[in-house]
Amino acid sequence: MTNHNLFAALRSAFPGDLDEVAIETGPGLLYSWRDLEHGSAMMANLLQSLNLPEGARIAVQVEKSVEAMVLYLATLRAGYVFLPLNTAYQSAEIEYFLGNAEPSVVVCGSANFGWVSKIAFKAGTQNVFTLDDDRTGSLLERAAHCSDRHEVVARQADDMAAILYTSGTTGRSKGAMLSHGNLLSNARVLKDYWGWKPGDVLIHALPIFHVHGLFVAIHGALINGSKMIWLSKFDPKKVIEKLPEATVFMGVPTLYVRLLAEPGLNREACRSMRLFIAGSAPLLIETFREWQERTGHTILERYGMSETAMLTSNPYQGGERRGGTVGFALPGVSLRVVDDTGQRLPPGEIGNIQVKGPNVFSGYWRMPEKTAEEFTLEGYFRTGDVGKVDADGYITIVGRSRDLIISGGYNVYPAEIEGFINELPGVLESAVVGVPHPDFGEVGVAVVIARPGATLDSLRIVAEMKSKMANFKVPKHCFVVSELPRNTMGKVQKNVLREQYKALFA
Ligand code: MLC
Ligand code: AMP
């Protein structure tokens, strides 16, 4: 019987000579393929020694490190479910995720052990380990006693491999359940579509708690046996210094904007590069053009989401990479644009994007009703994105039907922020809208009304938010006003607010 464990496929692509360098870190540490093989075996043996139940979730909130990536590989190979969490999340956010996912194992930074372990034990977790980005922590201490031999646990293609939490339009985050088959099919398609070849070297400068850095980048390199230059944090100068040793780079648009701000970015620095890939948020056409002029390279833009991994891509070869578009549906992906009644629209017309394919997730963790709502009877997933397909097949994303802000590649749901602000003393109501921002693409702005007789201080509102929620969610500006624009039904007109504040950061 074939083992569909994603790790088995990644492992089989490791080079024959396991002593070759697999990863070079920013400070120059070298990890061989053998280190990845042995490290993941030891951690997998540790996880298996804990007698965890079938389908156990391993929740991980740690700084980026090679060991954190190895923990992801170990979770796959031991057949458990990886649950990555953004390091920006604070206690209320973590409490929700752990309460909802009920992980059997939680791994956190040692500085956070006190509060994270308290939340974890309350959620019923029995094992809390620490892992820091300097190769220390109880996880590594315990794994050091485990064998470096391990047989990859057999999994079916539809067995769950990871849960990625993605914010809900109303209320709380939903956990998108991705299977070994979802992730492997996508990795294989992208290997071919982006022309990965021997000798490729990827600069990995993204966080590893989201689809882009965790799946697209890591799977891309591993399934091709390609070396990674591993940067723990995005630093444009460091990336430019490393470009001459690399061939592939992936980034959210903010990374490209910040690289363009560096005088050192030029054709000479990019001489060995084969491919620059952008996604997770719209790439402005100005960025696309400026990149072409400065480097001689045409950025390849692609589109995806947590629930589906990658859906579309501009061509690597055999076609034009069109700025402002996200290219074609990837092989195996069916993508259609429909109106609000579900009728398929002709080319050029704008409507709701729906998708189907082996990469599309099976549903939201413990939310069968929500899952049912998001799939059509024919099995298409409603992406919440609005776009069009032109006559020659190029897809353009023109907006979103969901009230969502994408800031520097992170999703922020206004309803969550408004809910928080509305609970603050003296607040009657609030509205959060996204406005253009030169660095993050889009950022949130909060507009708040006070209760009669109350006085509000906008700086205090921002400070309150910073102390309780992930920093990237905090609106970059807060206005206290006397009233909000409303339509005849009394609903706040967010489009009017967006228009009013659109030049705030221009
Ligand atoms: C940081 N801040 C942000 C922010 N990142 N605010 C809004 N949006 C963001 N994305 C806050 C900081 O907390 C800080 O607040 C202030 O803004 C300035 O921070 P900075 O020092 O400039 O930020 P930095 O640490 O350099 O991070 C910026 C970044 C990071 C762009 C490198 O946001 C990042 O790595 N983004 C990539 C996200 C990503 O991987 N997305 C993929 C999702 S997958 P203060 O208050 O301290 O001043 C997906 C599917 C797909 O979408 O298709 O790929
Ligand atoms: P996430 O839920 O974090 O995975 O974010 C997925 C969302 O990011 C998608 O639904 C899109 O709205 C957006 N997105 C991803 N890639 C692109 C892109 N290239 N252009 C525009 N939006 C994108």
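Above this text you will find the structure in question.
Here we summarise the structure given alongside this text. (Residues numbered from 1 in each chain as written. Chains lettered and ligands numbered in written order. Predicted model: local features only at pLDDT ≥ 70, side-chain atom pairs only at ≥ 80, totals over all residues. Heavy atoms only, no water.)

### Here's the deal with the site of ligand 2
As a structural note, the neighbourhood of ligand 2 is formed by 15 residues, with Glu-301, Arg-302, Ser-306, Asp-385 and Asn-411 the closest of them. The contact in question runs from a nitrogen atom of ligand 2 to an N or O atom on the backbone of Arg-302, over 2.7 Å. Contact between ligand 2 and Arg-402: an oxygen atom at 3.0 Å from a side-chain N or O atom of the residue. Expressed as a share of its isolated accessible area of 500 Å², the protein-covered part of ligand 2 is 92%. Sort the elements by how many residues they give to the shell around ligand 2 and strand β13 (residues 300-305) lands first, with five residues. Across the shell around ligand 2, the residue classes break down as six nonpolar, four polar and five charged. (Near = heavy atom within 4 Å. Polar contact = N/O pair within 3.5 Å; in protein donor to acceptor, adjacent residues only side chain to side chain. Areas by Shrake-Rupley, 256 points an atom, 1.4 Å probe, with all protein chains shown as cover. Helix = DSSP H or I, 4+ residues; strand = E, 2+ residues; numbered from the N terminus. Nonpolar A, V, L, I, M, F, W, Y, C, P; charged D, E, K, R; others polar.)

### Side note on the pattern of salt bridges
Taken as a whole and judged by the stated rule, the model has 31 salt bridges. One salt bridge connects Glu-442 with Arg-400, and the closest N-O pair in it is separated by 3.4 Å. Of this pair, Glu-442 sits in strand β24 (residues 441-450) while Arg-400 sits in strand β20 (residues 395-400), and the two are 42 residues apart along the sequence. Glu-442 sits in the buried class, given a relative accessible area of 18%. According to the relative accessible area criterion, Arg-400 is partly exposed, its value standing at 25%. Linking Arg-486 and Glu-429 is a salt bridge whose minimum nitrogen-to-oxygen distance equals 2.4 Å. Within this pair, whereas Arg-486 is found in the loop between β25 (477-481) and α15 (494-500), its partner Glu-429 is found in strand β23 (residues 427-437), the two being separated by 57 residues in sequence. (Salt bridge = Lys/Arg side-chain N within 4 Å of Asp/Glu carboxyl O. Buried < 20%, exposed > 50% of the residue type's maximum accessible area, 1.4 Å probe, protein only.)

### Side note on the packing of helix α3 (residues 66-77) against helix α8 (residues 211-222)
Packing of α3 against α8 brings their axes to within 13 Å, and their N-to-C directions diverge by 85 degrees. By the criterion of interaxial angle, the relationship of α3 to α8 is roughly perpendicular. Mapping the contact onto sequence places Met-69, Tyr-72 and Leu-73 in α3 and Leu-214, Phe-215, Ile-218, His-219 and Leu-222 in α8. The residue inventory of the contact of α3 with α8, partitioned by class, reads seven nonpolar, one polar and no charged. (Axes fitted to C-alpha atoms, helices over the stretch in contact; angles between N-to-C directions. Parallel < 35°, antiparallel > 145°, perpendicular 65-115°, else oblique. Contact = heavy atoms within 4.5 Å.)

### Digging into the environment of Lys-237
For Lys-237, the position within the fold is in helix α9 (residues 236-242). Along the sequence, Lys-237 and Leu-259 sit 22 residues apart, while their C-alpha atoms lie 7.7 Å from each other. A polar contact is formed between the side chain of Lys-237 and the side chain of Glu-262, at a distance of 3.3 Å.

### Overview of the layout of surface pockets
In this structure, the second largest pocket encloses a volume near 350 Å³. Along the walls of the second largest pocket sit 25 residues, with Glu-374, Arg-382, Thr-383, Gly-384 and Ser-401 positioned nearest its centre. If you list the elements that add at least two residues to the lining of the second largest pocket, you get β17 (351-356), α12 (368-374) and β19 (381-389). When the residues that make up the lining of the second largest pocket are grouped by side-chain class, the tally is six nonpolar, 10 polar and nine charged. Counting contributing residues per domain, the lining of the second largest pocket is built from domain 1 (6-233) and domain 2 (327-400), each supplying no fewer than three. (1 Å grid on protein atoms, 1.4 Å probe; cavity = no way out; pocket = protein on both sides within 12 Å on 5 of 7 lines; lining within 4 Å. Points joined across faces, edges and corners; volume = space filled by probe spheres on them. Domains from an automatic or database assignment.)

### Focus: the packing of aromatic side chains
Under the defined criterion, the tally for this structure stands at 20 aromatic pairs. Their ring planes at 65 degrees and their centres at 4.9 Å tell us that Phe-361 and Tyr-364 sit as a pair that is edge-to-face. As far as the burial class goes, Phe-361 and Tyr-364 line up, both buried. Among the aromatic residues, those joined into a cluster by ring pairs are Tyr-89, Tyr-96, Phe-97 and Tyr-165. For the cation-ring pair, Lys-64 lies above Trp-230, with the distance from its terminal atom to the ring centre recorded as 4.7 Å. (Phe/Tyr/Trp six-rings, centres within 6.5 Å; stacked < 30°, edge-to-face > 60°. Lys NZ or Arg CZ within 6 Å of the ring centre and 35° of its normal.)

### A few points about the sheet that holds strand β14 (residues 309-313)
An order of β2-β1-β10-β9-β11-β12-β13-β14-β15 is seen for the nine strands of this open sheet, with the pairing classed as mixed. Single-partner strands in this sheet number two, and they are β2 (30-32) and β15 (328-329). Summarising the sheet, strand β9 (residues 201-204) and strand β11 (residues 248-251) pair through two bridges and their orientation is parallel. Looking at β11, one finds that Ile-203 is bridged to Phe-249. Running at roughly 160 degrees to β9, α8 makes contact with β9, β10 (227-230), β11, β13 and β14 of the sheet. (Pairing = 2+ DSSP bridges.)

### Comments concerning the nonpolar core
Within the largest apolar cluster, 117 residues are counted, with the highest numbers of intra-cluster contacts made by Leu-36, Trp-194 and Phe-249. The element that contributes the greatest number of residues to this core is α3, accounting for nine residues. Shared between two domains, this core takes at least three residues from each, and those domains are domain 1 (6-233) and domain 2 (327-400). The contacts of Leu-36, once residues within four sequence positions are left out, are Phe-14, Ala-22, Ile-23, Val-66, Met-69, Val-70 and Leu-222. The next biggest cluster of nonpolar side chains, apart from the first, holds 39 residues, and it includes Phe-97, Trp-365, Met-465 and Val-474. (Core = buried A, V, L, I, M, F, W, Y, C linked by side-chain atoms within 4.5 Å.)

### Re the packing of helix α4 (residues 91-101) against helix α5 (residues 113-122)
Here α4 crosses α5 at 30 degrees, and the two axes come no closer than 9 Å. One element, α4, and the other, α5, form an angle in the roughly parallel class. Two packed elements cross with a definite hand, and for α4 against α5 that hand is right-handed. For the pair α4 and α5, contact is made by Ser-91, Ile-94, Glu-95 and Leu-98 and by Trp-115, Ile-119, Ala-120 and Lys-122, respectively. (Left-handed = near helix turned anticlockwise from the far one by under 90°.)

### Observations regarding the site of ligand 1
Taken together, 23 residues surround ligand 1, and among them Ser-280, Arg-302, Ser-407, Lys-466 and Lys-476 come closest. Between Ser-280 and ligand 1, the recorded distance is 2.6 Å, taken from a side-chain N or O atom to an oxygen atom. In this structure, a nitrogen atom belonging to ligand 1 sits 3.0 Å away from a main-chain N or O atom of Gly-409. Within the complex, 76% of the 1,000 Å² of free accessible area of ligand 1 lies under protein. Contributions of two or more residues to the shell around ligand 1 are made by α8, α10 (253-260) and β13. Of the residues contributing to the shell around ligand 1, the split by class is nine nonpolar, nine polar and five charged. Per-domain counts for the shell around ligand 1 show at least three residues from each of domain 1 (6-233) and domain 3 (405-501).

### Details of unusual backbone geometry
Positive phi, close to 55 degrees, is recorded for Asn-51, a residue that is not glycine. Positionally, Asn-51 belongs in the loop between α2 (33-49) and β3 (57-61). The phi angle at Ser-280 is positive, at roughly 90 degrees, despite the residue not being glycine. Within the secondary structure, Ser-280 is located in the loop between β12 (275-278) and α11 (285-295). Among the residues examined, Ser-280 registers a relative accessible area of 25% and is labelled partly exposed.

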